[in-house]
Amino acid sequence: MSADDLTEVNKVDSTLMLDTFTGVEIELQVAGVYIRGVARLIDDVIRFLVVSAMSVLLIPTGLVGIGLASVLGFFIWWTYNVLFEVLNNGVTPGKYYMGLRAVNADGTPIGWINSVIRSTLLVVDFLPFGYLIGIVTMALSRTQQRIGDIVAGTIVVYNRSRNTRKSADIRRASPIPDGLNADDQLLFLSFQERLSDLSPERAIELAETLEPLLGKNGQEAVIEVNAIAQGIRIGT
Amino acid sequence: MKQSAFESIHEGLWNDFEGQLVKFEALAMRRSVENEDREQFIDNFELISKHLAFAKTRGYSLELVDHLNQLVTRGHFVLHKSQANPLDNIFEFFVTGFAREVRRARYFVLVAAISFLLPAIVIGAMIQYSPHYITSVLSSGQIQQFERMYSSTEARIGRERSGASDIAMFGFYVYNNTQIGLRAFASGVLFCLPSILVLGFNGLFISAIINHLSVIGLGNTIFSFVIGHSAFELTAIVLSGAAGIMLGYALIHPGALPRREAVRRIGASAAKIALGAALMFILAAFIEAFWSSLRFVSPEIKYLVGACFWVLTFSYFLFAGRNADRETTSRT
């Protein structure tokens, strides 16, 4: 893989770079169609079950119950997303299970109006059936926005708040060779990630391309590249 | 500096900051955070932003960069949580904000009103000229149903059977009408057409039913029934449609902006109008269920009250927050 190939990879990357007021850039990982679809499904099932359960309980109590069920059902159905998004840091139950968070496109919390927009426009994203418009719009958008997101100026990102640092095995790590920039380091890491999918011959072939740098051949080269990747991962 | 030295110096700060993050994320509003806590938090945020920049430029491990990136991202989010009390905003919105938003969108409201009124006037004139035109809009079954609803001698007007209680009808009106309004707004993003169609069809059906009933001699019943809630309900339909047309228009004619930016900029105004309209629908549902349907109130009183509602609605949208409008224009 050459540097040019890596640029191509970046073009379809889900990483979004944002500026903060301290001047440092932060990276957000935008969530894609599948994972957001599952979150949406969970939320819709919850909404549906709550409204149904309430109707089943209230309607047999008579005409007042029917009235209450309609009013409450209406409010639950239309405010479910808004209340969770605004009062729970952009995290609905579905998004919580999938580890997602809805935020403004500048990484700030969603306010009432933007949440109302993206939630109300779900009815458009749903058309003609099964959120088809939303899926197509997301696929066409680099920041994976459905129509409601575009109008509200919001995105859905991965909500990672767990510290996963230093979980890697330090014993098998090698020091990082001098002069590797961040892109080069990423190549090492992607090699390590893909190692289990590669045939042993192909892994050796790839690792041996670094012979001028590492001076190793065969299986030894694979082990060395893997160890350097480990070093990059945990810092040596 | 070696990464391990860097980490051992700052690890404590990072852990403290993470603890603060968890605390602040749990708060619904930033105002509940003590001031000295906030200052401490901002100081830490600025320090850790620097650490992230160092970690990137010094080529520290991706895991460390990732961890610091998470801390800064979460800090950035928490620091921008709204400090305002939403109740203040809501109050302000209903006193003046809603009316000002509608006035600012007056051309869209005009287009929506025409989309609603034109089919209404045409079908109304046709039915008054020759009553059989009603069959081009409604089936004979529907016509009979409406005739039954308004000719019966039940204690409530506008209901087919006596069984339907006021609160059940209120529930139905809220659920049905408000939903139509919200859909008319949202679907407008598909290049205006769905909003215009919703407006046109509503104008057509409402006018057809009212004109038909008045032609067959139920005019007094139907007019005294609809006059009460019509001020809020008809205005709300037109405003919902107008909000939808705003979204679609921004896509059709984005001007100098990219389409997504144009629609985003108009989105907040349109949503505020649609929200205000949704509340008008609920108000109308309340009046329709508990006031308009009362048969023992004489039609004269209903006309009087209904006329007051219309005057109130128009005065609100024409005059509420006028002074604030003037201040904004003189400033720009």
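Residues numbered from 1 in each chain as written. Chains lettered and ligands numbered in written order. Predicted model: local features only at pLDDT ≥ 70, side-chain atom pairs only at ≥ 80, totals over all residues. Heavy atoms only, no water.

1. Observations regarding helix α5 (residues 106–129) of chain B
Residue pairs three or four apart in sequence face the same way in an α-helix, which turns once every 3.6 residues.
Stage number 1. The terminal C-alpha atoms of α5(B), which comprises 24 residues, lie 33 Å apart, in line with the 34 Å expected from a rise of 1.5 Å per residue.
Stage number 2. Taken as a whole, α5(B) has its buried residues at B:F108, B:V109, B:A112, B:S115, B:F116, B:A120, B:I123, B:G124 and B:I127. (Helix = DSSP H or I, 4+ residues; strand = E, 2+ residues; numbered from the N terminus. Expected span 1.5 Å × (residues − 1). Buried < 20%, exposed > 50% of the residue type's maximum accessible area, 1.4 Å probe, protein only.)

2. Considering the domain arrangement of chain A
Quite often, the size of an interface is put as the accessible area lost when its parts meet.
Stage number 1. Under the domain assignment used here, chain A contains domain 1 (29–158) and domain 2 (182–234).
Stage number 2. Its C-alpha centre places domain 1 of chain A at a distance of 43 Å from the equivalent point of domain 2 of chain A. (Domains from an automatic or database assignment.)

3. Observations regarding the interface of chain A and chain B
Stage number 1. In this assembly, 58 residues from chain A lie in contact with 59 residues from chain B.
Stage number 2. In total, chain A and chain B occlude about 5,000 Å² of area from one another, counting both sides; carbon and sulfur atoms represent 67% of this.
Stage number 3. In this structure, the connection of chain A to chain B is made through 1 salt bridge.
Stage number 4. Here A:R101 makes a salt bridge to B:E25, at a shortest N to O gap of 3.8 Å.
Stage number 5. Our enumeration of links across chain A and chain B arrives at 8 residue pairs in polar contact (both at pLDDT 80 or more). (Contact = heavy atoms within 4.5 Å. Buried area = accessible area lost by both parts, 1.4 Å probe. Salt bridge = Lys/Arg side-chain N within 4 Å of Asp/Glu carboxyl O. Polar contact = N/O pair within 3.5 Å; in protein donor to acceptor, adjacent residues only side chain to side chain.)

4. Brief notes about the packing of helix α3 (residues 63–87) of chain A against helix α7 (residues 166–187) of chain B
Packed helix pairs are specified by the crossing angle of their axes together with the interaxial distance, meaning the distance between the axes.
Stage number 1. The geometry of α3(A) relative to α7(B) is characterised by a closest axis approach of 6 Å and an angle of 25 degrees between their N-to-C directions. One element, α3(A), and the other, α7(B), form an angle in the roughly parallel class. When the axes of α3(A) and α7(B) are compared, the crossing they make is left-handed. Across the interface between the two elements, A:L63, A:V64, A:I66, A:G67, A:S70, A:V71, A:F74 and A:W78 from α3(A) touch B:I167, B:A168, B:F170, B:G171, B:F172, B:V174, B:Y175, B:T178, B:Q179 and B:L182 from α7(B). (Axes fitted to C-alpha atoms, helices over the stretch in contact; angles between N-to-C directions. Parallel < 35°, antiparallel > 145°, perpendicular 65-115°, else oblique. Left-handed = near helix turned anticlockwise from the far one by under 90°.)

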